[in-house]
Amino acid sequence: MTHPELRLDSQHPSEPTVAERRVPHKPIPVAHPVFWGNEKKYVDECLETSWISSVGRFIPAFEQEFARFCGVEHAVSCDTGTSAVHLALMGFGVQAGDEVIVPSLTFIATANAVRYCGAKPVFVDCDEQSMNITPALIEPAITERTRGIIVVHLFGHPADMDPILLMAKERGLFVIEDAAEAHGAIYRGRPAGGLADAGTFSFFGNKIITTGEGGMVTTRDAAFAQRLRILRGQGMDPNRRYWFPIVGYNYRMTNIQAAIGLAQMEDVDAHLAARHQIASWYRRHLEPLKEWIQLPMVEDWAVHACWMFTVVLRDLIASARDQIMRAMATDGIETRPFFHPLHSLPPYDDGSLRLPITEKLAGAGIMLPTHALLTEDDIRYIASSLASACHAEAAGR
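Please read all numbers here as calculations on a predicted model, not as lab measurements.

On a plain count of helices and strands, the chain comes out with 13 helices and 14 strands. For 397 residues, the compact-globule estimate of 2.2 N^0.38 gives 21 Å, and the C-alpha radius of gyration of the chain, at 22 Å, lies within 12% of that figure. The dimensions of the chain, computed from C-alpha atoms along their principal axes, are 70 × 55 × 35 Å. Counting across all 397 residues of the chain, residues that qualify as buried make up 55%. Here the analysis covers contacts within the chain between residues at least 6 apart in sequence; of these, 72% occur between residues at least 24 apart. For the chain, the exposed surface amounts to about 16800 Å²; the carbon and sulfur share of it is 53%. In the chain, the 36 positive side-chain charges and the 47 negative ones have mean positions that sit 3 Å from each other.

Okay, here's the thing in structure tokens:
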């Protein structure tokens, strides 16, 4: 069997590989928040004015800017992306005995939010190329108890929403976009977060836009947005202070978080452009490794948000995924495995479900460092390290 040439950039054939040079390189984290604009200025304003909790000018300003970004009329901020999914589910009245269809290949928060409502997450497999769910995978999971579908735009690539939305409409189901990883993704000319009945976002520190912790629900429905605002604020009547007609939650975002978020949104085009540049560098420098790895696909109708650049090891070396990650760690490169299939985790595993594509991808996938501080030299170094590790594993088989 032949193997890809280890020298990754054909324009620089004399550059040594990691294996050849073994010289120190600065550690490369898998993610890193980037503050290019008014973040400090706005946080200082919060401190100087004492508006540091869940009231202040930055909260509505951030919500309005994010709604505009997603092409919707309403955005409801909250304290985490998990809270955003939970709020959306409660807004649709999900309760004990209901079922909500969820992809198994995602972060566990998606399923946990369903469980918080007393409902059952019903796990489905994903498409091997896009790694997202499809109507053909969803339909067999629909029962008389199904209330809705949560579609995750995994790693920033939007799912094929139109046929899913049509299926849901025909069956009277709601659809939530879990766009935690998809700030700025575009589906057929329309932004993620504005495609379905509701969209949910995370602003955790590793996301494209961050507030440290934080979340958002986007919607076109004014009444729905108002329900969520009441639910996130302990259920208090907005027209009668300290009167609580329902049981709510303390899911409010702070003014400090919103200040950071607004500053991030002012530079959102630059954040997204940096991600796309990094993805382009990865594709250039990883192209010679395609015998060993599968690069992420992008449908011609999609704009990938490039939250994480991922590779999936091909069958020859797929079982060596963890060894390859350890070798890269030795070179100072932090990587992450794909998420464990949710149907295989202790809170949800009843031993009855097999989802072969999800299980295959979860066992062979690697998230590579993806953040706006990376240089092309960093990407070249990462690619060289990955090549050396893949070559070592393939040579030993």
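Having seen the structure, we can now continue with the description.
Glancing now at the pattern of salt bridges. If charged atoms from side chains of opposite charge come close, those side chains can pair. Per the counting criterion, the structure on display carries 19 salt bridges. Of the charged contacts in the structure, one is a salt bridge between Arg 321 and Asp 322, with a shortest N-O distance of 2.7 Å. Residue classification places Arg 321 among the buried positions, given a relative accessible area of 9%. Here the salt bridges do not stand alone but share partners, grouping Arg 284, Glu 376, Asp 377 and Arg 380 into one network.

With five of five residues buried, strand 2 (residues 99–103) is to be regarded as a mostly interior element. Of the two faces of strand 2, the one lined by Glu 99, Ile 101 and Pro 103 and the one lined by Val 100 and Val 102 are each fully buried. Alignment of strand 2 against strand 3 (residues 120–124), held across five bridges, turns out to be parallel. Across the sheet, residue Pro 103 finds its bridge partner in strand 3, namely Val 124. For the handedness criterion, the β-α-β arrangement of strand 2, helix 5 (residues 109–116) and strand 3 is classed as right-handed. Judged from the three bridges that link them, strand 2 and strand 4 (residues 146–152) form a sheet pairing that is parallel. Paired with Val 100 across the two strands is Gly 148, which belongs to strand 4.

Glancing now at the nonpolar core. Counting residues in each nonpolar core, the largest one holds 78 residues, and the members touching the most others are Leu 286, Ile 293 and Ile 324. Per element, the largest residue contribution to this core is nine residues, and it comes from helix 13 (residues 376–395). Sequence-distant contacts of Ile 293, defined by excluding residues within four places in its chain, comprise Leu 286, Val 311, Val 312, Leu 313, Arg 314, Leu 386 and Cys 390. Formed by 32 residues, the second largest nonpolar core is a distinct cluster that contains Val 85, Val 94, Ala 119 and Tyr 348.

In this section: helix 11 (residues 321–330). When we look at burial in helix 11, the residues that qualify are Arg 321, Ile 324, Met 325 and Met 328. End-on view of helix 11: buried residues confined to an arc of 100°, all on one side of the axis. For helix 11, the exposed residues set more than 90 degrees away from the buried face come down to Arg 326 and Thr 330. Where helix 11 is buried, its residues contact strand 12 (309–313), strand 13 (336–337), helix 12 (356–364), strand 14 (365–368) and helix 13.

Another aspect to go through is the sheet that holds strand 1 (residues 74–78). Taken together, seven strands build an open sheet; the order of strands is 1-9-8-5-4-2-3 and the sheet is mixed. Because the sheet does not close on itself, it has two edges, and the strands there are strand 1 and strand 3. If you compare each strand with its neighbour and ignore which way they point, the axes differ by 25° on average. Of the pairings in the sheet, the one linking strand 5 (residues 174–178) to strand 8 (residues 198–202) comprises three bridges and is parallel in character. Following the sheet pairing, Ile 176 is matched in strand 8 by Ala 198. Helix 5 contacts strand 2, strand 3, strand 4 and strand 5 of the sheet and is inclined by roughly 150° relative to strand 3.

This part takes up the layout of surface pockets. The calculated volume of the largest pocket comes to roughly 660 Å³. Phe 107, Phe 204, Asn 206, Lys 207 and Phe 339 are, among the 34 residues lining the largest pocket, the residues nearest its centre. Of all the secondary structure elements, the ones that give two or more residues to the lining of the largest pocket are helix 4 (81–91), helix 5, strand 8 and strand 13. Here the residues of the lining of the largest pocket are counted per class, giving 19 nonpolar, 10 polar and five charged.

What follows deals with the packing of aromatic side chains. A full pass over the atoms with the stated rule returns 16 aromatic pairs. With a centroid separation of 6.2 Å and an interplanar angle of 70°, the aromatic rings of Phe 62 and Phe 66 are classed as edge-to-face. One end of the pair is Phe 62 and the other is Phe 66, both in helix 3 (residues 58–70) and four residues apart, which spans about a single turn. Accessibility expressed as a relative area gives 0% for Phe 62, which makes it buried. The ring centre of Trp 243 lies 3.9 Å from the NZ or CZ of Arg 240, which sits over that ring. Residue placement shows Arg 241 over the ring face of Tyr 242; its charged tip is 5.7 Å from the ring centre.

Rules and cut-offs
- Residues numbered from 1 in each chain as written.
- Predicted model: local features only at pLDDT ≥ 70, side-chain atom pairs only at ≥ 80, totals over all residues.
- Heavy atoms only, no water.
- Helix = DSSP H or I, 4+ residues; strand = E, 2+ residues; numbered from the N terminus.
- Rg over C-alpha atoms; globule rule 2.2 N^0.38 Å.
- Buried < 20%, exposed > 50% of the residue type's maximum accessible area, 1.4 Å probe, protein only.
- Contact = heavy atoms within 4.5 Å.
- Areas by Shrake-Rupley, 256 points an atom, 1.4 Å probe, with all protein chains shown as cover.
- Lys, Arg positive; Asp, Glu negative; His and termini not counted.
- Charge placed at Lys NZ, Arg CZ, Asp CG, Glu CD.
- Salt bridge = Lys/Arg side-chain N within 4 Å of Asp/Glu carboxyl O.
- Pairing = 2+ DSSP bridges.
- Right-handed = clockwise from strand over helix to strand, strands pointing away.
- Core = buried A, V, L, I, M, F, W, Y, C linked by side-chain atoms within 4.5 Å.
- Arc of directions from axis to C-beta.
- Axes fitted to C-alpha atoms, helices over the stretch in contact; angles between N-to-C directions.
- 1 Å grid on protein atoms, 1.4 Å probe; cavity = no way out; pocket = protein on both sides within 12 Å on 5 of 7 lines; lining within 4 Å.
- Points joined across faces, edges and corners; volume = space filled by probe spheres on them.
- Nonpolar A, V, L, I, M, F, W, Y, C, P; charged D, E, K, R; others polar.
- Phe/Tyr/Trp six-rings, centres within 6.5 Å; stacked < 30°, edge-to-face > 60°.
- Lys NZ or Arg CZ within 6 Å of the ring centre and 35° of its normal.

Everything listed is a geometric property; what it means functionally is a separate question.
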